[in-house]
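If you want the building blocks of each chain, they are given just below.
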Amino acid sequence: LGKDDRALEAARAAVEMAPDDAEYHLTLGRVLYNCKELEEAVCSFKRANELDPTSVPAEKDLAQTLEMLDELLYDKREVITTHGSLRIRQTAQEDAGPSTSIWEAGAVLAYYIVTREAESGHGTLPNGVSIRGKSVLELGGGTGVVGLTAAAYGAHVCITDKEDAAVSLALRNIEGNLETLKPLEGSARAKHLDWFSPSEDIFLQPWDAVIGSDLVYNVGQINRLRTVIKALFLPAHPSRVLLLAHKSRHDVVDTSMMQMFEEEGLTVNEIPMAEHHPAFCSPSVHIYTICKAKK
């Protein structure tokens, strides 16, 4: 056995012998940290802190380990707003799912909100209405980059996703950006939402607007989106608006999506590229406002 292995074996044995000794858990945590077993080290430092809440070393070591773990697990991207930068975590692992990464359409929509709310003097919503103070539902929120940008400009946002990992990540991003939401009194929360069995309470709430980016990227997802659209645009919500950023990848997907909107009695208007953020725009990413067709 190497030096680290022997130290780890001894530290584990000490904890087994005296499981309620905070110092032994602290020592085990430090050995695990040196062995790069960071997740297990976090558990040891937390246990040391529980056994001795006054232990400053355990608290400091826990904070240091969590910070290192955070750096290994996540990349961070910034969205520059009027009131400071949002720091958005996304998963760094190569096998991470799409819902825990920031995609191009999300970045384009986030910076469209910045452009409309801060730089152009016009609001994000149709007819130049500001998003400030509005209740907003985000579909397929993933990291929460779009919803948090809206919240930074004073919206009250519920970020939803069907993936538990995405909801957990969005919650972390909310917690890490609370100071940036304070100036305009915005707020954000995150919640699980499965489009195949949408929770009635979410769709019955009086949302002023719904936002989403990259909601469909193959034909098989069109009917899933249709289920949500039907719930969102019930007769009780004739003025509800969907602000959607969509990346064009396949003509058949784009055509099928537009056909679905038409079949559901919705009007789709594309926002001119000239109104997108000049540095965060793409010829393949389109932003649409979608609402009930007027009879």
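Residues numbered from 1 in each chain as written. Predicted model: local features only at pLDDT ≥ 70, side-chain atom pairs only at ≥ 80, totals over all residues. Heavy atoms only, no water.

K.L.:
Residue-level account of the nonpolar core, with values.
P.N.:
In terms of nonpolar packing, the biggest core is built from 38 residues, with Leu148, Ile159 and Ile287 touching the most fellow members. Tallying contributions element by element places helix α5 (residues 104–119) first for this core, with eight residues. With residues up to four places along the chain from it excluded, the contact list for Leu148 reads Leu86, Ile88, Ile159, Asn173, Ile174, Asn177, Leu181 and Ala188. Of all hydrophobic cores here, the second largest spans 27 residues; its members include Leu139, Ile202, Phe233 and Phe261. (Core = buried A, V, L, I, M, F, W, Y, C linked by side-chain atoms within 4.5 Å. Buried < 20%, exposed > 50% of the residue type's maximum accessible area, 1.4 Å probe, protein only. Helix = DSSP H or I, 4+ residues; strand = E, 2+ residues; numbered from the N terminus. Contact = heavy atoms within 4.5 Å.)

K.L.:
Outline the pairing of strand β7 (residues 241–247), listing residues and values.
P.N.:
Burial of β7 is extensive: six of the seven residues sit out of reach of the surface. Summarising the sheet, strand β6 (residues 209–213) and β7 pair through five bridges and their orientation is parallel. By the bridge assignment for β7, Ser213 is matched with Ala245. In terms of strand pairing, β7 meets strand β9 (residues 285–292) through seven bridges, oriented antiparallel. Counted as the bridge partner of Leu242 is Ile290 from β9. (Pairing = 2+ DSSP bridges.)

K.L.:
So what's going on with the sheet that holds strand β4 (residues 156–161)? Residues and values would help.
P.N.:
Here seven strands make up an open sheet; going across it, the order is β5-β4-β3-β6-β7-β9-β8 and the pairing mixed. Either end of the sheet is taken by a strand with one partner, and the two such strands are β5 (187–192) and β8 (266–270). Each strand of the sheet is rotated relative to its neighbour by a mean of 20°, with strand direction disregarded. Where strand β3 (residues 135–139) lies against β4, four bridges are found, and the strand directions are parallel. Within the sheet, the bridge partner assigned to Glu138 lies in β4 and is Ile159. Against the sheet, helix α10 (residues 222–232) contacts β3, β6, β7 and β8, and its axis sits at roughly 165° relative to β3. Against the sheet, helix α11 (residues 251–263) contacts β7, β8 and β9, and its axis sits at roughly 170° relative to β7. (Axes fitted to C-alpha atoms, helices over the stretch in contact; angles between N-to-C directions.)

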